[in-house]
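Topology and contacts: notes
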Amino acid sequence: MPFFLIIALTLWGGLHTWILKRTHLLLTPGTVPWRIAVGVVVVLASSYVGGRLLNRFGRGGSIASGIEMTGAMWLAVFSLLVTVLALVEVAGLVTWVATRVGTGRGVTVFRWLSEGPRWARIAVAGLIWGLALGGTVVGAVRAARAPRVIHLSVQVPAAPDGLRRLVQVSDLHLGAILPQGQWETVLDTIEGTAPDALLLTGDIVEDHTARGLDQLRQLRARLPDVPIYMVTGNHEKYAGPEELPAILEAQGIRLLRQEAVDLRGLWLAGIDDPQLTDFDTSVAAIRSAVPGAAPMILLSHQPQVVRRLADRPSTLVLSGHVHGGQLPPFQLLAPLSNGGYLAGLYRAGEATLHLSRGAGSWGPPVRLFAPPDIVVLDLEQGDAFSVELR
(Lines give C-alpha, C1' and ligand atoms only; values in the text may rest on other atoms or scores of the structure.)
Protein backbone atom coordinates (compact mmCIF):
# COMPACT_ATOMS: atom_id res chain seq x y z
CA MET A 1 0.00 0.00 0.00
CA PRO A 2 2.75 2.58 0.84
CA PHE A 3 4.48 1.75 -2.47
CA PHE A 4 1.21 2.24 -4.39
CA LEU A 5 0.65 5.54 -2.56
CA ILE A 6 4.13 6.76 -3.49
CA ILE A 7 3.55 5.86 -7.15
CA ALA A 8 0.12 7.55 -7.17
CA LEU A 9 1.42 10.76 -5.55
CA THR A 10 4.40 10.87 -7.90
CA LEU A 11 2.14 10.49 -10.94
CA TRP A 12 -0.34 13.04 -9.60
CA GLY A 13 2.41 15.58 -8.92
CA GLY A 14 4.16 14.88 -12.21
CA LEU A 15 1.04 15.44 -14.28
CA HIS A 16 0.31 18.72 -12.51
CA THR A 17 3.87 19.84 -13.14
CA TRP A 18 3.48 18.93 -16.81
CA ILE A 19 0.24 20.94 -17.05
CA LEU A 20 1.85 24.01 -15.46
CA LYS A 21 4.93 23.72 -17.64
CA ARG A 22 2.98 23.39 -20.87
CA THR A 23 0.46 26.16 -20.11
CA HIS A 24 2.75 28.68 -18.43
CA LEU A 25 2.56 30.65 -21.67
CA LEU A 26 -0.22 32.72 -20.08
CA LEU A 27 2.05 33.81 -17.23
CA THR A 28 5.76 34.45 -16.79
CA PRO A 29 7.43 31.92 -14.43
CA GLY A 30 8.88 33.46 -11.28
CA THR A 31 6.47 36.41 -11.18
CA VAL A 32 3.90 36.97 -8.43
CA PRO A 33 0.93 35.97 -10.65
CA TRP A 34 2.76 32.77 -11.57
CA ARG A 35 3.42 31.91 -7.92
CA ILE A 36 -0.23 32.57 -7.07
CA ALA A 37 -1.33 30.29 -9.94
CA VAL A 38 0.97 27.50 -8.72
CA GLY A 39 -0.36 27.88 -5.18
CA VAL A 40 -3.96 27.69 -6.37
CA VAL A 41 -3.24 24.52 -8.35
CA VAL A 42 -1.53 22.92 -5.34
CA VAL A 43 -4.56 23.69 -3.15
CA LEU A 44 -6.99 22.37 -5.75
CA ALA A 45 -4.92 19.22 -6.26
CA SER A 46 -5.07 18.37 -2.55
CA SER A 47 -8.62 19.50 -1.73
CA TYR A 48 -10.48 16.38 -2.90
CA VAL A 49 -8.54 14.03 -0.64
CA GLY A 50 -8.67 16.55 2.21
CA GLY A 51 -12.44 16.99 1.91
CA ARG A 52 -12.98 13.23 1.67
CA LEU A 53 -11.03 12.62 4.85
CA LEU A 54 -12.92 15.34 6.73
CA ASN A 55 -16.26 13.90 5.62
CA ARG A 56 -15.18 10.33 6.36
CA PHE A 57 -14.39 11.18 9.95
CA GLY A 58 -17.42 13.43 10.42
CA ARG A 59 -15.51 16.68 10.57
CA GLY A 60 -16.30 20.02 8.96
CA GLY A 61 -19.91 19.44 7.87
CA SER A 62 -20.90 21.57 4.90
CA ILE A 63 -17.43 23.13 4.78
CA ALA A 64 -15.86 19.70 4.29
CA SER A 65 -18.42 18.89 1.58
CA GLY A 66 -17.59 22.19 -0.13
CA ILE A 67 -13.88 21.40 -0.04
CA GLU A 68 -14.54 17.92 -1.43
CA MET A 69 -16.79 19.28 -4.20
CA THR A 70 -14.15 21.87 -5.16
CA GLY A 71 -11.54 19.14 -5.39
CA ALA A 72 -13.91 16.91 -7.34
CA MET A 73 -14.58 19.61 -9.94
CA TRP A 74 -10.83 20.14 -10.23
CA LEU A 75 -10.51 16.42 -10.99
CA ALA A 76 -12.75 16.97 -14.02
CA VAL A 77 -10.80 20.03 -15.20
CA PHE A 78 -7.53 18.17 -14.61
CA SER A 79 -8.70 15.11 -16.61
CA LEU A 80 -9.71 17.26 -19.56
CA LEU A 81 -6.46 19.26 -19.39
CA VAL A 82 -4.51 16.01 -19.56
CA THR A 83 -6.61 14.89 -22.54
CA VAL A 84 -6.21 18.13 -24.48
CA LEU A 85 -2.49 18.40 -23.72
CA ALA A 86 -1.93 14.78 -24.75
CA LEU A 87 -3.55 15.55 -28.13
CA VAL A 88 -1.33 18.64 -28.49
CA GLU A 89 1.72 16.53 -27.65
CA VAL A 90 0.75 14.03 -30.36
CA ALA A 91 0.30 16.89 -32.81
CA GLY A 92 3.71 18.19 -31.73
CA LEU A 93 5.31 14.81 -32.41
CA VAL A 94 3.78 14.71 -35.89
CA THR A 95 5.00 18.27 -36.52
CA TRP A 96 8.48 17.39 -35.31
CA VAL A 97 8.70 14.37 -37.62
CA ALA A 98 7.38 16.35 -40.60
CA THR A 99 9.79 19.27 -40.09
CA ARG A 100 12.67 16.93 -39.36
CA VAL A 101 12.14 15.10 -42.63
CA GLY A 102 11.53 18.30 -44.58
CA THR A 103 14.19 20.62 -43.20
CA GLY A 104 16.46 18.48 -41.05
CA ARG A 105 15.48 20.51 -37.98
CA GLY A 106 12.59 19.17 -35.96
CA VAL A 107 10.23 21.80 -34.55
CA THR A 108 7.50 20.98 -32.01
CA VAL A 109 4.36 23.00 -31.37
CA PHE A 110 5.62 24.21 -28.01
CA ARG A 111 9.03 25.16 -29.36
CA TRP A 112 7.39 27.12 -32.16
CA LEU A 113 5.20 28.89 -29.62
CA SER A 114 8.13 29.73 -27.37
CA GLU A 115 9.88 31.40 -30.31
CA GLY A 116 6.74 32.94 -31.82
CA PRO A 117 4.62 36.01 -31.01
CA ARG A 118 3.18 36.41 -27.52
CA TRP A 119 -0.41 36.56 -28.82
CA ALA A 120 -0.03 33.06 -30.27
CA ARG A 121 1.23 31.69 -26.97
CA ILE A 122 -1.64 33.28 -25.06
CA ALA A 123 -4.19 32.06 -27.61
CA VAL A 124 -3.03 28.43 -27.43
CA ALA A 125 -2.80 28.36 -23.63
CA GLY A 126 -6.19 30.04 -23.38
CA LEU A 127 -7.68 27.51 -25.80
CA ILE A 128 -6.32 24.58 -23.77
CA TRP A 129 -7.73 25.90 -20.50
CA GLY A 130 -10.94 27.03 -22.19
CA LEU A 131 -11.62 23.56 -23.58
CA ALA A 132 -11.02 21.96 -20.18
CA LEU A 133 -13.18 24.45 -18.27
CA GLY A 134 -15.90 24.49 -20.94
CA GLY A 135 -15.95 20.70 -21.11
CA THR A 136 -16.37 20.55 -17.33
CA VAL A 137 -19.35 22.90 -17.44
CA VAL A 138 -20.99 20.94 -20.26
CA GLY A 139 -20.35 17.66 -18.44
CA ALA A 140 -21.81 19.00 -15.19
CA VAL A 141 -24.97 20.07 -16.99
CA ARG A 142 -25.27 16.65 -18.62
CA ALA A 143 -24.74 14.79 -15.34
CA ALA A 144 -27.52 16.80 -13.70
CA ARG A 145 -30.09 15.76 -16.29
CA ALA A 146 -32.34 12.74 -15.93
CA PRO A 147 -30.60 9.44 -16.72
CA ARG A 148 -31.37 7.80 -20.02
CA VAL A 149 -33.70 4.84 -19.76
CA ILE A 150 -32.38 1.82 -21.67
CA HIS A 151 -34.87 -0.95 -22.41
CA LEU A 152 -33.99 -4.63 -22.65
CA SER A 153 -36.42 -7.32 -23.73
CA VAL A 154 -35.73 -10.55 -21.83
CA GLN A 155 -37.46 -13.63 -23.19
CA VAL A 156 -38.01 -16.29 -20.50
CA PRO A 157 -39.65 -19.71 -21.03
CA ALA A 158 -41.60 -19.27 -17.79
CA ALA A 159 -41.86 -15.58 -16.95
CA PRO A 160 -42.64 -15.12 -13.23
CA ASP A 161 -46.20 -14.02 -12.45
CA GLY A 162 -46.42 -10.50 -11.07
CA LEU A 163 -42.78 -9.81 -11.93
CA ARG A 164 -42.70 -8.36 -15.40
CA ARG A 165 -40.41 -5.37 -15.03
CA LEU A 166 -37.01 -5.31 -13.36
CA VAL A 167 -35.03 -2.08 -13.16
CA GLN A 168 -31.25 -2.00 -12.78
CA VAL A 169 -29.62 1.01 -11.15
CA SER A 170 -25.87 1.17 -10.67
CA ASP A 171 -23.15 3.45 -9.33
CA LEU A 172 -25.26 6.03 -7.50
CA HIS A 173 -22.41 6.92 -5.13
CA LEU A 174 -24.78 8.26 -2.51
CA GLY A 175 -22.99 10.48 -0.03
CA ALA A 176 -21.60 13.80 0.96
CA ILE A 177 -21.25 15.55 -2.40
CA LEU A 178 -24.04 14.08 -4.54
CA PRO A 179 -26.14 17.20 -5.26
CA GLN A 180 -29.62 16.72 -3.79
CA GLY A 181 -31.28 18.16 -6.88
CA GLN A 182 -29.49 15.63 -9.06
CA TRP A 183 -30.51 12.82 -6.71
CA GLU A 184 -34.16 13.93 -6.85
CA THR A 185 -33.99 13.76 -10.65
CA VAL A 186 -32.64 10.21 -10.49
CA LEU A 187 -35.35 9.24 -8.01
CA ASP A 188 -38.05 10.66 -10.29
CA THR A 189 -36.67 8.61 -13.19
CA ILE A 190 -36.54 5.38 -11.17
CA GLU A 191 -40.05 5.86 -9.83
CA GLY A 192 -41.34 6.68 -13.31
CA THR A 193 -40.27 3.27 -14.65
CA ALA A 194 -42.75 1.52 -12.29
CA PRO A 195 -40.47 -1.41 -11.35
CA ASP A 196 -41.74 -4.71 -9.97
CA ALA A 197 -38.27 -5.17 -8.47
CA LEU A 198 -35.21 -2.93 -8.22
CA LEU A 199 -31.70 -4.31 -8.82
CA LEU A 200 -28.77 -2.32 -7.43
CA THR A 201 -25.45 -3.39 -8.93
CA GLY A 202 -22.94 -1.88 -6.54
CA ASP A 203 -21.27 1.41 -5.65
CA ILE A 204 -24.60 2.58 -4.30
CA VAL A 205 -23.25 3.93 -1.02
CA GLU A 206 -20.16 6.11 -1.35
CA ASP A 207 -19.86 6.69 2.39
CA HIS A 208 -21.84 6.25 5.60
CA THR A 209 -22.33 9.96 6.24
CA ALA A 210 -25.73 11.12 7.48
CA ARG A 211 -26.46 12.56 4.04
CA GLY A 212 -25.65 9.33 2.23
CA LEU A 213 -27.82 7.26 4.56
CA ASP A 214 -30.66 9.77 4.27
CA GLN A 215 -30.49 9.50 0.47
CA LEU A 216 -30.76 5.72 0.80
CA ARG A 217 -33.87 6.16 2.95
CA GLN A 218 -35.33 8.46 0.29
CA LEU A 219 -34.92 5.68 -2.27
CA ARG A 220 -36.88 3.25 -0.11
CA ALA A 221 -39.54 5.90 0.60
CA ARG A 222 -40.17 6.32 -3.13
CA LEU A 223 -40.65 2.56 -3.61
CA PRO A 224 -42.13 1.36 -0.30
CA ASP A 225 -43.58 -1.91 -1.62
CA VAL A 226 -40.99 -2.80 -4.27
CA PRO A 227 -38.48 -5.60 -3.53
CA ILE A 228 -34.93 -4.25 -3.73
CA TYR A 229 -31.90 -6.48 -4.26
CA MET A 230 -28.30 -5.29 -4.12
CA VAL A 231 -24.71 -6.47 -4.51
CA THR A 232 -21.56 -4.85 -3.24
CA GLY A 233 -19.19 -2.75 -5.31
CA ASN A 234 -15.65 -1.66 -4.58
CA HIS A 235 -16.90 1.53 -2.93
CA GLU A 236 -19.00 -0.46 -0.47
CA LYS A 237 -15.71 -2.01 0.59
CA TYR A 238 -14.08 1.40 0.99
CA ALA A 239 -17.06 2.74 2.98
CA GLY A 240 -16.97 -0.18 5.41
CA PRO A 241 -18.54 -3.53 4.49
CA GLU A 242 -19.00 -4.58 8.13
CA GLU A 243 -21.69 -1.94 8.69
CA LEU A 244 -23.45 -2.42 5.35
CA PRO A 245 -25.75 -5.42 6.10
CA ALA A 246 -27.40 -3.66 9.04
CA ILE A 247 -27.80 -0.44 7.04
CA LEU A 248 -29.50 -2.26 4.17
CA GLU A 249 -31.64 -4.47 6.41
CA ALA A 250 -33.03 -1.34 8.07
CA GLN A 251 -34.28 -0.23 4.64
CA GLY A 252 -35.60 -3.63 3.60
CA ILE A 253 -32.91 -4.08 0.95
CA ARG A 254 -31.71 -7.64 0.42
CA LEU A 255 -27.95 -7.98 -0.05
CA LEU A 256 -27.03 -10.91 -2.28
CA ARG A 257 -23.59 -12.32 -1.49
CA GLN A 258 -22.80 -15.48 -3.45
CA GLU A 259 -26.44 -16.52 -3.29
CA ALA A 260 -29.49 -16.83 -5.51
CA VAL A 261 -33.23 -16.34 -5.22
CA ASP A 262 -35.79 -18.44 -7.11
CA LEU A 263 -38.33 -16.09 -8.69
CA ARG A 264 -40.51 -18.94 -9.95
CA GLY A 265 -38.98 -19.70 -13.32
CA LEU A 266 -36.12 -17.20 -13.20
CA TRP A 267 -33.19 -17.19 -10.81
CA LEU A 268 -31.80 -13.90 -9.51
CA ALA A 269 -28.23 -14.27 -8.23
CA GLY A 270 -25.72 -11.84 -6.82
CA ILE A 271 -22.02 -11.84 -5.97
CA ASP A 272 -19.63 -9.60 -4.08
CA ASP A 273 -17.21 -7.25 -5.73
CA PRO A 274 -13.94 -9.14 -6.32
CA GLN A 275 -12.20 -6.92 -3.77
CA LEU A 276 -14.34 -8.67 -1.16
CA THR A 277 -14.65 -12.18 -2.66
CA ASP A 278 -12.68 -13.39 -5.68
CA PHE A 279 -14.56 -14.30 -8.85
CA ASP A 280 -13.60 -17.99 -8.78
CA THR A 281 -15.11 -18.45 -5.33
CA SER A 282 -18.21 -16.41 -6.21
CA VAL A 283 -18.91 -18.20 -9.48
CA ALA A 284 -18.46 -21.63 -7.90
CA ALA A 285 -21.03 -20.73 -5.25
CA ILE A 286 -23.53 -19.51 -7.85
CA ARG A 287 -23.10 -22.60 -10.02
CA SER A 288 -23.91 -24.69 -6.95
CA ALA A 289 -26.90 -22.56 -5.98
CA VAL A 290 -28.61 -22.35 -9.39
CA PRO A 291 -29.68 -25.67 -10.94
CA GLY A 292 -28.31 -26.72 -14.32
CA ALA A 293 -28.98 -24.29 -17.12
CA ALA A 294 -31.97 -22.62 -15.45
CA PRO A 295 -32.53 -19.03 -16.68
CA MET A 296 -30.47 -16.71 -14.46
CA ILE A 297 -29.85 -12.99 -14.06
CA LEU A 298 -26.59 -12.42 -12.19
CA LEU A 299 -25.84 -9.12 -10.47
CA SER A 300 -22.11 -8.42 -10.45
CA HIS A 301 -20.63 -4.97 -9.97
CA GLN A 302 -17.65 -5.68 -12.22
CA PRO A 303 -18.29 -7.06 -15.72
CA GLN A 304 -15.32 -9.39 -16.27
CA VAL A 305 -17.10 -12.21 -14.46
CA VAL A 306 -19.18 -12.91 -17.58
CA ARG A 307 -16.22 -14.72 -19.13
CA ARG A 308 -16.28 -17.26 -16.30
CA LEU A 309 -19.87 -18.02 -17.27
CA ALA A 310 -19.34 -18.15 -21.03
CA ASP A 311 -20.20 -21.85 -21.07
CA ARG A 312 -23.53 -21.32 -19.31
CA PRO A 313 -26.61 -20.74 -21.50
CA SER A 314 -29.64 -18.71 -20.34
CA THR A 315 -27.41 -16.32 -18.41
CA LEU A 316 -27.61 -12.53 -18.27
CA VAL A 317 -25.02 -10.60 -16.24
CA LEU A 318 -25.92 -7.07 -15.16
CA SER A 319 -22.95 -4.90 -14.19
CA GLY A 320 -21.77 -1.34 -13.65
CA HIS A 321 -18.47 -0.02 -12.26
CA VAL A 322 -17.02 1.36 -15.51
CA HIS A 323 -19.32 4.44 -15.81
CA GLY A 324 -18.85 4.33 -19.58
CA GLY A 325 -15.56 6.09 -18.83
CA GLN A 326 -17.48 9.08 -17.34
CA LEU A 327 -15.24 11.64 -19.03
CA PRO A 328 -12.10 11.78 -21.21
CA PRO A 329 -9.55 10.28 -21.23
CA PHE A 330 -11.14 7.40 -19.33
CA GLN A 331 -13.22 6.19 -22.27
CA LEU A 332 -9.88 4.97 -23.62
CA LEU A 333 -8.39 3.82 -20.32
CA ALA A 334 -11.34 2.16 -18.54
CA PRO A 335 -11.69 -0.85 -20.88
CA LEU A 336 -8.03 -1.73 -20.31
CA SER A 337 -8.73 -2.73 -16.71
CA ASN A 338 -12.27 -4.04 -17.24
CA GLY A 339 -11.89 -6.86 -19.71
CA GLY A 340 -12.29 -4.58 -22.73
CA TYR A 341 -15.85 -3.63 -21.71
CA LEU A 342 -17.08 -0.01 -21.65
CA ALA A 343 -20.90 0.08 -21.86
CA GLY A 344 -23.83 -1.65 -23.50
CA LEU A 345 -24.70 -5.19 -24.58
CA TYR A 346 -22.03 -7.87 -25.08
CA ARG A 347 -21.97 -11.60 -25.80
CA ALA A 348 -19.44 -13.87 -24.11
CA GLY A 349 -19.85 -17.37 -25.41
CA GLU A 350 -23.34 -18.49 -24.41
CA ALA A 351 -23.73 -15.77 -21.77
CA THR A 352 -24.87 -12.16 -22.21
CA LEU A 353 -23.61 -9.05 -20.42
CA HIS A 354 -25.30 -5.69 -20.15
CA LEU A 355 -23.02 -3.02 -18.72
CA SER A 356 -24.73 0.10 -17.38
CA ARG A 357 -23.01 3.49 -17.40
CA GLY A 358 -24.51 4.09 -13.96
CA ALA A 359 -26.95 6.73 -12.76
CA GLY A 360 -24.50 8.70 -10.63
CA SER A 361 -20.85 9.65 -10.87
CA TRP A 362 -17.65 9.16 -8.93
CA GLY A 363 -15.65 12.20 -7.93
CA PRO A 364 -16.87 15.12 -10.00
CA PRO A 365 -20.60 15.20 -10.83
CA VAL A 366 -19.52 15.52 -14.45
CA ARG A 367 -20.19 13.26 -17.45
CA LEU A 368 -18.87 13.91 -20.92
CA PHE A 369 -19.55 11.45 -23.77
CA ALA A 370 -20.91 9.01 -21.14
CA PRO A 371 -24.50 9.93 -20.24
CA PRO A 372 -25.94 8.35 -17.07
CA ASP A 373 -28.50 5.60 -17.48
CA ILE A 374 -30.78 3.15 -15.76
CA VAL A 375 -31.83 -0.13 -17.36
CA VAL A 376 -35.39 -1.46 -17.64
CA LEU A 377 -35.73 -5.20 -18.22
CA ASP A 378 -39.13 -6.29 -19.48
CA LEU A 379 -39.67 -10.00 -18.91
CA GLU A 380 -41.69 -11.66 -21.65
CA GLN A 381 -42.82 -15.21 -22.31
CA GLY A 382 -40.73 -16.88 -25.01
CA ASP A 383 -39.68 -20.26 -26.31
CA ALA A 384 -36.06 -19.77 -25.20
CA PHE A 385 -34.07 -17.39 -23.02
CA SER A 386 -32.83 -14.37 -24.99
CA VAL A 387 -31.87 -10.73 -24.41
CA GLU A 388 -32.28 -7.92 -26.92
CA LEU A 389 -32.06 -4.14 -26.87
CA ARG A 390 -35.30 -2.41 -27.69
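Note that the structure is predicted; figures quoted are calculated from it, not measured.

Let us now look at the overall build of the protein. Counting its regular elements, the protein contains 11 helices and 13 strands. Its C-alpha radius of gyration of 24 Å places the protein within 12% of the 21 Å reference for a compact globule of 390 residues. Once the C-alpha set of the protein is aligned to its principal axes, its extents read approximately 75 × 55 × 40 Å. In the protein, buried positions account for 51% of the 390 residues. Pairs at least 24 apart in sequence give 74% of the contacts found in the protein among residues at least 6 apart. Accessible surface, the protein as shown: approximately 17,300 Å² in total, 65% of it carbon and sulfur. Separation of charge centres in the protein, based on 32 positive and 31 negative side chains, amounts to 13 Å.

Before going further, it helps to examine unusual backbone geometry. Here the residue pair Pro-328 and Pro-329 is connected by a cis peptide bond, since its omega of 5° sits within 30 degrees of zero. By the element assignment, Pro-329 lies in the loop between strand E9 (315–319) and helix H11 (330–333). Unusually for a residue other than glycine, Gln-258 sits at a positive phi of about 60°. Its location among the elements puts Gln-258 in the loop between strand E5 (253–255) and strand E6 (259–262). Unusually for a residue other than glycine, Gln-326 sits at a positive phi of about 70°. Structurally, the position occupied by Gln-326 is in the loop between E9 and H11.

Mapped onto the elements, Gln-180 comes out in helix H6 (residues 180–192). Considering only alpha carbons, one finds Gln-180 and Arg-211, 31 residues apart in sequence, at a separation of 9.4 Å. Side chain to side chain, Gln-180 and Gln-218 meet in a polar contact 2.9 Å long.

Attention now goes to the nonpolar core. Core analysis: the biggest nonpolar cluster contains 27 residues, and Val-169 and Leu-198 have the highest contact counts within it. Sorting the residues of this core by element identifies strand E2 (165–169), H6, strand E3 (197–201), helix H7 (210–222), strand E4 (228–231), helix H9 (244–250), E5 and strand E12 (373–381) as the ones contributing at least two each. Excluding anything up to four places from it in sequence, Leu-198 contacts Val-167, Val-169, Ile-190, Leu-219, Leu-223, Val-226, Pro-227, Ile-228 and Tyr-229. By size, the runner-up hydrophobic cluster in this structure holds 23 residues, among which are Leu-152, Leu-316, Leu-318 and Leu-379.

Attention shifts here to the pairing of E2. Each regular strand displays side chains that alternate between the two surfaces of the sheet. Across the five residues of E2, four count as buried, placing the element largely inside the fold. Judged from the four bridges that link them, E2 and E12 form a sheet pairing that is antiparallel. In the sheet register, Leu-166 faces E12, and the bridge partner there is Leu-377. In this structure, E2 lies alongside E3, joined through four bridges in parallel fashion. Note that in E3 the partner of Gln-168 across the bridge is Leu-199.

On to a nonpolar patch on the surface, then. Judged by side-chain polarity, Leu-93, Trp-96, Val-97 and Val-101 come together as a nonpolar surface patch covering roughly 400 Å² of accessible area. If you trace the backbone, Val-101 turns up in helix H3 (residues 61–103). By relative accessible area, which is 71% here, Val-101 ends up exposed.

Let us now look at the environment of Ala-348. Here Ala-348 lies in strand E10 (residues 344–348). In sequence terms Ala-348 and Ala-125 are 223 residues apart; their C-alpha atoms lie 45 Å from each other. What Ala-348 contacts, discounting residues up to four positions off in sequence, is Val-306, Ala-310 and Tyr-341.

The rules behind the values
Residues numbered from 1 in each chain as written. Predicted model: local features only at pLDDT ≥ 70, side-chain atom pairs only at ≥ 80, totals over all residues. Heavy atoms only, no water. Helix = DSSP H or I, 4+ residues; strand = E, 2+ residues; numbered from the N terminus. Rg over C-alpha atoms; globule rule 2.2 N^0.38 Å. Buried < 20%, exposed > 50% of the residue type's maximum accessible area, 1.4 Å probe, protein only. Contact = heavy atoms within 4.5 Å. Areas by Shrake-Rupley, 256 points an atom, 1.4 Å probe, with all protein chains shown as cover. Lys, Arg positive; Asp, Glu negative; His and termini not counted. Charge placed at Lys NZ, Arg CZ, Asp CG, Glu CD. Polar contact = N/O pair within 3.5 Å; in protein donor to acceptor, adjacent residues only side chain to side chain. Core = buried A, V, L, I, M, F, W, Y, C linked by side-chain atoms within 4.5 Å. Pairing = 2+ DSSP bridges. Patch = residues over 30% accessible without salt bridge, like charges linked within 9 Å, V, L, I, M, F, W, Y side chains within 5 Å. Salt bridge = Lys/Arg side-chain N within 4 Å of Asp/Glu carboxyl O.

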